[in-house]
Amino acid sequence: MTMYREKRFEEIKRLLTERKELSIDDIMQAVGVSRDTARRDVVALAASGAGRRTRGGIVSLTFGHTVPSYSERLKLFSAEKTAMARTALSLIRPGGVYFIDDSTTLLKLSQSINSEVTVYTHSLDNAIALSVKGDVTLRILGGKLNHHGRFFFEPATLTQLGRIAFDAAFIGATAISKDGVYFPYADDAEVKATLAQAARRVIVVSETQKFKIQAPYRGFPLAAIDTLITERALTPAERQWFSPKLELLAANS
């Protein structure tokens, strides 16, 4: 049953606080309205200061200015991330040597691997998931645990990673802009910079909403990416950011 306008607004604002971003389809499903009504609601809510209107919906006013914690991102796990993880899994080959980054999508990848491969990771959650995989040779990078990002780091890690010619490094971007891939921690950005030079293939796994987010530390330029896995095809404007040689894999195609 369709909600009254005030009730709809309360529910939309509640969901926006929880998820930070809502599409028109999200609103249609959540409050049971038509597409035209959902669009009008977005316009009214944005005008009232409840959020910021986007091309496909509405985002919270803080969206893009703060980086959510790992646990917050895990709560927002979506079908799109599952599809992206499945696409990443198709690039794993038996006998390969891989690095898998700290990312909720790449945690799903770690949970799905059932091949005889060697995996290096500095992610606590990936290590737990891979520890029960009898066919996987697991190499956990040590150091101090970053409780917010749930990864380990010590300076010696950079030297260790620089000596390994990974078949591929699977990296989850925090933010992507025209000049590179960014991360919230300086030490983690150093890890990603080292991987971008050491790996034979750099595979970035990222939702396109990361194009709207800001993070302070650049890991590597976009030219270092060999393969980009996203939940949808890039728009022509987004595609221009990247090298013509980039392999783009859209999980929903």
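All values reported here derive from a predicted model rather than from experimental measurement.

1. As for the sheet that holds strand β9 (residues 168-172)
The strands that make up a sheet are held in pairs by hydrogen bonds between backbone atoms, and each pair lies either parallel or antiparallel.
Argument step 1. Taken together, the 7 strands give an open sheet; going across it, the order is β6-β5-β4-β9-β12-β14-β15, and neighbouring strands pair in parallel fashion. The outermost strands of the open sheet, each flanked by one partner alone, are β6 (137-140) and β15 (247-250). The sheet shows a mean angle of 20° between the axes of neighbouring strands, direction not considered.
Argument step 2. In this structure, strand β14 (residues 227-230) lies alongside β15, joined through 4 bridges in parallel fashion. Each bridged residue has a counterpart across the sheet, and for Thr227 the counterpart in β15 is Glu247.

2. Focus: unusual backbone geometry
Argument step 1. Even without glycine at this site, Arg150 takes up a positive phi of about 60°.
Argument step 2. Its location among the elements puts Arg150 in the loop between β7 (144-146) and β8 (151-153).
Argument step 3. According to the relative accessible area criterion, Arg150 is partly exposed, its value standing at 27%.

3. Some thoughts on the packing of helix α1 (residues 5-19) against helix α3 (residues 35-47)
Argument step 1. At a closest axis distance of 11 Å, the pairing of α1 and α3 adopts a crossing angle of 75°. Regarding the angle of α1 to α3, the classification is roughly perpendicular. Only Thr37, Asp41, Ala44 and Leu45 of α3 make contact with α1, whose side of the interface consists of Arg5, Arg8, Phe9, Ile12 and Lys13.
Argument step 2. When its residues are assigned to classes, the contact of α1 with α3 shows 4 nonpolar, 1 polar and 4 charged.

4. Some words on the pairing of β9
The two faces of a sheet get side chains in turn, since along a regular strand they alternate between them.
Argument step 1. Buried residues dominate β9, accounting for 5 of its 5 residues.
Argument step 2. Here β9 shows no split at all, with Ala168, Phe170 and Gly172 on one side and Ala169 and Ile171 on the other all buried.
Argument step 3. With 3 bridges connecting them, strand β4 (residues 97-100) and β9 associate as parallel partners. Looking at β9, one finds that Tyr98 is bridged to Ala168.
Argument step 4. Looking at chain direction, β9 and strand β12 (residues 202-205) are connected through 4 bridges and run parallel. Paired with Ile171 across the bridge in β12 is Val204.

Calculation rules
Residues numbered from 1 in each chain as written. Predicted model: local features only at pLDDT ≥ 70, side-chain atom pairs only at ≥ 80, totals over all residues. Heavy atoms only, no water. Pairing = 2+ DSSP bridges. Helix = DSSP H or I, 4+ residues; strand = E, 2+ residues; numbered from the N terminus. Axes fitted to C-alpha atoms, helices over the stretch in contact; angles between N-to-C directions. Buried < 20%, exposed > 50% of the residue type's maximum accessible area, 1.4 Å probe, protein only. Parallel < 35°, antiparallel > 145°, perpendicular 65-115°, else oblique. Contact = heavy atoms within 4.5 Å. Nonpolar A, V, L, I, M, F, W, Y, C, P; charged D, E, K, R; others polar.

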